[in-house]
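The lines below spell out each chain.
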Amino acid sequence: MAIVISIVYFLIHLLIINDYGLSWDYHFHLYGGLHHLGLPVPNASDPPPVPFTPPAPRLTVEDPFGPIMSIVPVISQKLFFEKLNLLPFDSAYNLPSVIYGSLGIGLLFLFLSQAVGTKVAIIGSIFLALLPNYFGYLHTNMKDIPMA
């Protein structure tokens, strides 16, 4: 049942993935991911076109969330946008978060069903799945959903 819930939730979010954009910290995580993968960070040595209050996105390559939170979305963007041209760049970047979030709903169902029963597991999973922060962050915040 947990697998079915995860797949259905993933398919719903896959249908609406193009309706979301990027978060304000996209460039911080993109450039950090590129750095950790050993790929060039665009114009990293050039002065920023507008003055940034530190930290400047092109110079920030170490996030407090660890490199994996930046690497996975960058790989997804490189694969599904640049190589395969299956998704727009923002949707390709956010795809791992949608996968993590969908698995999170199934995992919550699994834990709740074993701890307190199927009825509570269904209610708890629906509650989290429809929680506005969870629903929206699933598409725009590559670090909060997987870390949760």
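Data block above holds the structure.
Attention here is on the structure that accompanies the text. (Residues numbered from 1 in each chain as written. Predicted model: local features only at pLDDT ≥ 70, side-chain atom pairs only at ≥ 80, totals over all residues. Heavy atoms only, no water.)

This brings us to the overall build of the protein. Each helix and strand in the protein was counted, giving seven helices and zero strands. For the protein, the residues scored as buried account for 38% of the 148 residues in total. Considering only residue pairs separated by 6 or more positions, the protein has 68% of its internal contacts joining residues 24 or more positions apart. Total accessible area computed for the protein in this model is approximately 8,600 Å², and 71% of it derives from carbon and sulfur atoms. (Helix = DSSP H or I, 4+ residues; strand = E, 2+ residues; numbered from the N terminus. Buried < 20%, exposed > 50% of the residue type's maximum accessible area, 1.4 Å probe, protein only. Contact = heavy atoms within 4.5 Å. Areas by Shrake-Rupley, 256 points an atom, 1.4 Å probe, with all protein chains shown as cover.)

All right, on to the side chain of serine 76 then. Structurally, serine 76 can be placed in helix H3 (residues 68-83). A relative accessible area of 6% places serine 76 in the buried class. For serine 76, the residues in contact, after removing those within four places along its chain, are Phe81, Ala92, Leu95 and Pro96.

Oppositely charged side chains can pair when the atoms bearing their charge come close. In the structure shown here, the tally under the stated rule is one salt bridge. Put simply, lysine 78 and glutamate 82 hold a salt bridge, and the shortest N to O gap is 3.2 Å. Residue lysine 78 and its partner glutamate 82 are both found in helix H3; the two are separated by four residues, about one turn of the helix. Given the relative accessible area of 26%, lysine 78 is considered partly exposed. (Salt bridge = Lys/Arg side-chain N within 4 Å of Asp/Glu carboxyl O.)

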